[in-house]
Amino acid sequence: MPVDSYELLNLAFQFLDSFAFIVLATVGLAIIFGMMGIINLAHGEFILVGAYATTLSFHAGLPLPLAMLAGVVATTVFGVILERTIIRWLYGRLLDSMVVTFGISLVVVQLVRIQWGNSLPQIGTPLGGISYGNYSYSAYRVLLAGVAIVVLAALYVLFTKTDFGVRARATMQDEETARSMGVDTDRMYLSTFAIGSALAGLTGALYAPATPMSPDLGASFLVEAFVAVVVGGPSVLLGTPLAGGLLGLVDAAFTNVGGQFIGTVALLLTAIVAIRLLPDGITGLLEDIREKRRETE
Amino acid sequence: MSADTDRPLRKRIRAPFDGPNTIGNSDGFWLSVALGVLLLALYPLLFGSYAAESSSVFLVYALLGVSLTFIWGFCGILSFGQVAFFGVAGYTFGIVSINVSSYTGVTLGIVSGVAVATLFAAGLGYFMFYGGVRDVYVTIITLVVALVLNTFMGQTAGSEWAIGEAALGGFNGMVGVPNLAIGVGETGVEFDGAMHYYVALAALVGTFLGLRALVNSQFGYAMVATREDETRTEMFGYNTTFIKFLTFTIGGALAGLSGVLFVTWGNYIDPSEFAITAASMPVIWASIGGRESIAGTIAAAIAIQWIELQLTGEWALVIVGSLLVFVILVMPDGVAPQVRDLVVFLTERRRERSSETPAAAEEVSD
């Protein structure tokens, strides 16, 4: 039976890997789309900025953790500048925000290509591997799953337990009322967008040693991120881990059976079916169930 | 009938194409449309058939843009999946026409290409609209569908991925697709070179007039009402789900037609037609030209592709992207409504100056 348990372990690692990827790709977008109503098609390019800043500062001689910090800072600054100059005009204009951020994404990808060419030397993946039987799995990728969970927990605390979180959520829910109660809504929009950008930067920084550095690396994050936000539904803090769990499981199971390509197609088809069956996502379904239970009680 | 005959002939001919749902109903508008079509028709004569052949794809992509304007601008459905129907029609045409040789195969390819794209759009539309999927979720599902096709077609490189004689070819694409033609067996007409250009132009002008008539018809009013306020329209007894379904299907058919024209232009199609950059181009053309203006979208599609071609260097995408951001921030509805407002403003002022002779009850613009 050891072969079977190795297989199972394989599947578990694959799941952790997919889960981490989906959650980390999604969090930044979930904050910006789910809370602020901005469809950020340039989300992938925020990740790109984080990854490139990390890689470039690593090659400039910074140790990896500091290089990652540099990546996060660079992306936050990038996000704040964009919010002040462009994004602030787009609140409440859902489809316009989509078109404009697509324009931003075109510009950023092309500028990165012009400046650094079609690839950068990749940072080696740290931490080595975990070996079992004939297999081995990258320890760093397992660590990413841990980071994903920590990030989710931190966000949960930030948005539900702190004064800042309450003000931010109040602003997103009802700007007029929040403002009349003394909340500086303009600053809340800016800081929420900054948090979203910082998270995208973190994703870029964390995946810098694990993905090939090319100007179009953002695209590989974008689709999963959108799919997970939509499948997760309106309550993003809860929806992101649930969607990450569901889609991660589908991805891992089908990748294990039929390879990377089958995994991706299965994930996308699951997403289409999920949107069709649950127009309000998983958290919308949970909300419905809770309502019904309250009625019967 | 007698009241009708009192009106000038040009107005009677124009009547079905004019209405409150379209931007541009004045004499000046139609004069510039006629001038535009004339210039496009003269292009091959002025610049030779080689230039016409290479420019034909501009018209084909303009038709793809129009397919989006129709569903987005008039019914409020933003689809990133027009390229999916475009590509599916292209691949279908390739498969059929490579397998069935002679003119019969090509004719059959045209019909089946458009038919498969239409059915695909109808299936997807049924799945979405009758399932209660709406607004931005429609946009995301259509984008995902295009990306699924991109992923799927990209891995069809192996020899097992061939349908009859037609190899799908993975990322390298499907090659050796025949030219556009119509006929049976060995007798038929082939449209290559400048002829392809004229076919594309005819399709574009026909679509333009057809859609103008459609959006100004009773159905068009229902489409616009659905866009403006779906719940209220439903309260008035309209089946808005069916309206959206039908609109989406017609849009898919038009995208399919442009896909067939595309694949016969280059004799080639590859999965990059489904990729996110390609999927966004129709949205860009419609946004910049004005999503409620068919003529505006056509002009923007041709102009943007021309600009991209001129800036063959690496800065092309930077400029197109910045243009997009700039236009949406400054003119949220695109260029066409701005031009209309400018024309109205200028005519009003001219009329005020010569106000001793008040103008007839004729409307200047829409």
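Residues numbered from 1 in each chain as written. Chains lettered and ligands numbered in written order. Predicted model: local features only at pLDDT ≥ 70, side-chain atom pairs only at ≥ 80, totals over all residues. Heavy atoms only, no water.

A.B. asks: Please give an account of the overall build of chain B that cites residues and values.
C.D. replies: Regarding its fold elements, chain B presents 14 helices and six strands. On C-alpha atoms alone, chain B measures out to a radius of gyration of 22 Å, which is about the 21 Å that the 2.2 N^0.38 rule sets for 366 residues. With the C-alpha coordinates aligned to their principal axes, the bounding extent of chain B is approximately 80 × 50 × 50 Å. Within chain B, buried positions represent 52% of all 366 residues. Across chain B, the fraction of contacts at a sequence separation of at least 24, relative to all contacts at a separation of at least 6, is 75%. With 16 positive and 28 negative side-chain charges, chain B shows a spacing of 13 Å between the two charge centroids. (Helix = DSSP H or I, 4+ residues; strand = E, 2+ residues; numbered from the N terminus. Rg over C-alpha atoms; globule rule 2.2 N^0.38 Å. Buried < 20%, exposed > 50% of the residue type's maximum accessible area, 1.4 Å probe, protein only. Contact = heavy atoms within 4.5 Å. Lys, Arg positive; Asp, Glu negative; His and termini not counted. Charge placed at Lys NZ, Arg CZ, Asp CG, Glu CD.)

A.B. asks: Break down the packing of helix α4 (residues 82-99) of chain B against helix α10 (residues 240-266) of chain B for me, with residues and values.
C.D. replies: Residues and elements named next belong to chain B. Relative orientation of the contacting elements α4 and α10 amounts to 50 degrees, with a least axis distance of 7 Å. Considering the angle they form, α4 stands oblique to α10. Remark: the crossing between α4 and α10 carries right-handed chirality. Here α4 contributes Gln-82, Phe-85, Phe-86, Ala-89, Gly-90 and Phe-93 to the contact with α10, which in turn contributes Phe-248, Gly-251, Gly-252, Ala-255, Gly-256, Ser-258, Gly-259, Val-260, Phe-262, Val-263 and Thr-264. Split into classes, the residues belonging to the contact of α4 with α10 amount to nine nonpolar, eight polar and no charged. (Axes fitted to C-alpha atoms, helices over the stretch in contact; angles between N-to-C directions. Parallel < 35°, antiparallel > 145°, perpendicular 65-115°, else oblique. Left-handed = near helix turned anticlockwise from the far one by under 90°. Nonpolar A, V, L, I, M, F, W, Y, C, P; charged D, E, K, R; others polar.)

A.B. asks: Mind laying out the packing of aromatic side chains, listing which residues take part and the relevant values?
C.D. replies: As enumerated under the stated definition, the model contains 29 aromatic pairs over all chains in all. Between Phe-86 of chain B and Phe-262 of chain B, the ring centres sit 5.2 Å apart and the planes meet at 45 degrees, which makes this aromatic pair tilted. Of this pair, Phe-86 of chain B sits in helix α4 while Phe-262 of chain B sits in helix α10; the two residues are 176 residues apart in sequence, bridging distant segments of the chain. Across the pair, exposure class does not vary: Phe-86 of chain B and Phe-262 of chain B are buried alike. One aromatic cluster is present, formed by Tyr-61, Phe-86, Phe-262, Trp-265 and Trp-285 of chain B through successive ring pairs. Above the face of the Trp-89 of chain A ring, Arg-88 of chain A is positioned so that its terminal group lies 5.1 Å from the ring centre. (Phe/Tyr/Trp six-rings, centres within 6.5 Å; stacked < 30°, edge-to-face > 60°. Lys NZ or Arg CZ within 6 Å of the ring centre and 35° of its normal.)

A.B. asks: So, α10 of chain B: which residues are in play, and what are the values?
C.D. replies: Residue and element names in this part refer to chain B. With 27 residues, α10 should cover 39 Å at 1.5 Å per step; its first-to-last C-alpha distance of 39 Å lies within 8% of that length. Among the 27 residues of α10, 21 are classified as buried, and the element is accordingly described as predominantly covered. Asn-267, located one to two residues past α10, shows a positive phi value of around 55 degrees. (Expected span 1.5 Å × (residues − 1).)

A.B. asks: Go over unusual backbone geometry with me, naming the residues and quoting the values.
C.D. replies: Residue and element names in this part refer to chain B. Of note in this structure, Asn-267 is not a glycine but carries a positive phi near 55 degrees. Looking at the element boundaries, Asn-267 is found in the loop between α10 and β6 (268-269). Overall, Asn-267 belongs to the partly exposed group, its relative accessible area being 24%.

A.B. asks: Pulling in residues and values, what's your account of the UniProt feature "transmembrane region" (unreviewed entry) in chain B?
C.D. replies: Mapped onto the present numbering, the UniProt feature "transmembrane region" (unreviewed entry) falls at residues 28-46, 58-86, 106-129, 136-153, 195-215, 236-263, 283-303 and 315-332 of chain B. In residues 236-263 of chain B, helix accounts for 86% and strand for 0%; the two terminal C-alpha atoms are 44 Å from one another. (UniProt positions renumbered as here; feature names shortened; annotations may be inferred.)

A.B. asks: Tell me about the UniProt feature "transmembrane region" (unreviewed entry) in chain A, and name the residues and values.
C.D. replies: Residue and element names in this part refer to chain A. Listed under "transmembrane region" (unreviewed entry) in the UniProt record, and renumbered for this structure, are residues 21-42, 62-82, 94-117, 137-159, 188-209, 221-249 and 261-278. Helix makes up 96% of residues 94-117 and strand 0%, with an end-to-end C-alpha separation of 33 Å. In this annotation, residues 188-209 is assigned 91% helix and 0% strand; the end-to-end C-alpha distance for the span is 33 Å.

A.B. asks: Go over the interface of chain B and chain A with me, naming the residues and quoting the values.
C.D. replies: Each side of the interface is counted separately: chain B has 39 residues, and chain A has 34 residues. Between chain B and chain A, roughly 3300 Å² of surface is buried when both sides are summed, and carbon and sulfur atoms account for 86% of that area. Together, Tyr-137, Ile-140 and Leu-329 of chain B form the three largest contributors to the area buried by chain B at its contact with chain A, with a combined 16%. For the pair chain B and chain A, the interface holds zero salt bridges. The tally of links between chain B and chain A comes to zero residue pairs in polar contact (both at pLDDT 80 or more). Those elements that place two or more of their residues in the side of chain B that touches chain A are α6 (136-154), α11 (276-289) and α13 (316-330) of chain B. When residues of the side of chain B that touches chain A are assigned to their parent elements, the largest contribution, 11 residues, is made by α6 of chain B. (Buried area = accessible area lost by both parts, 1.4 Å probe. Salt bridge = Lys/Arg side-chain N within 4 Å of Asp/Glu carboxyl O. Polar contact = N/O pair within 3.5 Å; in protein donor to acceptor, adjacent residues only side chain to side chain.)

A.B. asks: Break down the pairing of strand β5 (residues 187-191) of chain B for me, with residues and values.
C.D. replies: Every regular strand shows the same layout, with side chains that alternate between the two sheet faces. In the sheet, strand β4 (residues 180-184) of chain B pairs with β5 of chain B via five bridges, with the strands oriented antiparallel. When the sheet's bridge partners are listed, Val-184 of chain B is paired in β5 of chain B with Thr-187 of chain B. (Pairing = 2+ DSSP bridges.)

A.B. asks: Describe a nonpolar patch on the surface, naming the residues involved and giving the relevant values.
C.D. replies: On the surface, Leu-62, Leu-66, Leu-69, Val-73, Val-77 and Ile-81 of chain A cluster together to form a nonpolar patch covering roughly 510 Å² of accessible area. Topologically, Val-77 of chain A is positioned in helix α3 (residues 64-85). (Patch = residues over 30% accessible without salt bridge, like charges linked within 9 Å, V, L, I, M, F, W, Y side chains within 5 Å. Areas by Shrake-Rupley, 256 points an atom, 1.4 Å probe, with all protein chains shown as cover.)

A.B. asks: Explain the packing of helix α9 (residues 218-232) of chain A against helix α10 (residues 236-258) of chain A to me, and be specific about the residues and the numbers.
C.D. replies: Residues and elements named next belong to chain A. Two numbers describe how α9 lies on α10: the axes approach to 8 Å, and their chain directions differ by 115 degrees. With respect to each other, α9 and α10 are oriented roughly perpendicular. Here α9 runs over α10; the crossing is right-handed. Packed against α9, whose contacting residues are Val-227, Ala-228, Val-231 and Gly-232, the element α10 presents Gly-239, Ala-243, Leu-246 and Leu-247 at the interface. Of the residues contributing to the contact of α9 with α10, the split by class is six nonpolar, two polar and no charged.

A.B. asks: An account of the pattern of salt bridges is requested, with residue identities and associated values reported.
C.D. replies: Residue and element names in this part refer to chain B. Using the criterion set out here, one finds 13 salt bridges over all chains in the structure. For the salt bridge of Arg-212 with Asp-18, the shortest nitrogen-to-oxygen distance reads 3.2 Å. A residue pair is termed long-range when its members are at least 10 positions apart, and Arg-212 in helix α7 (residues 194-215) and Asp-18 in the loop between α2 (9-14) and α3 (27-75) qualify at 194 residues. We note a salt bridge from Lys-244 to Glu-230, for which the minimum N-O separation is 3.1 Å. One end of the pair, Lys-244, is in helix α10; the other, Glu-230, is in helix α9 (residues 230-235), with 14 residues separating them in the sequence.

A.B. asks: Which residues make up the side chain of Thr-142 of chain B, and what values go with them?
C.D. replies: Residue and element names in this part refer to chain B. Its place among the elements puts Thr-142 in helix α6. Side-chain polar atoms of Thr-142 contact the backbone nitrogen of Phe-80, separated by 3.1 Å. In this structure, Thr-142 is in contact with Leu-78, Ser-79, Phe-80, Gly-81, Leu-124, Met-128 and Phe-248, ignoring residues within four places of it in sequence.

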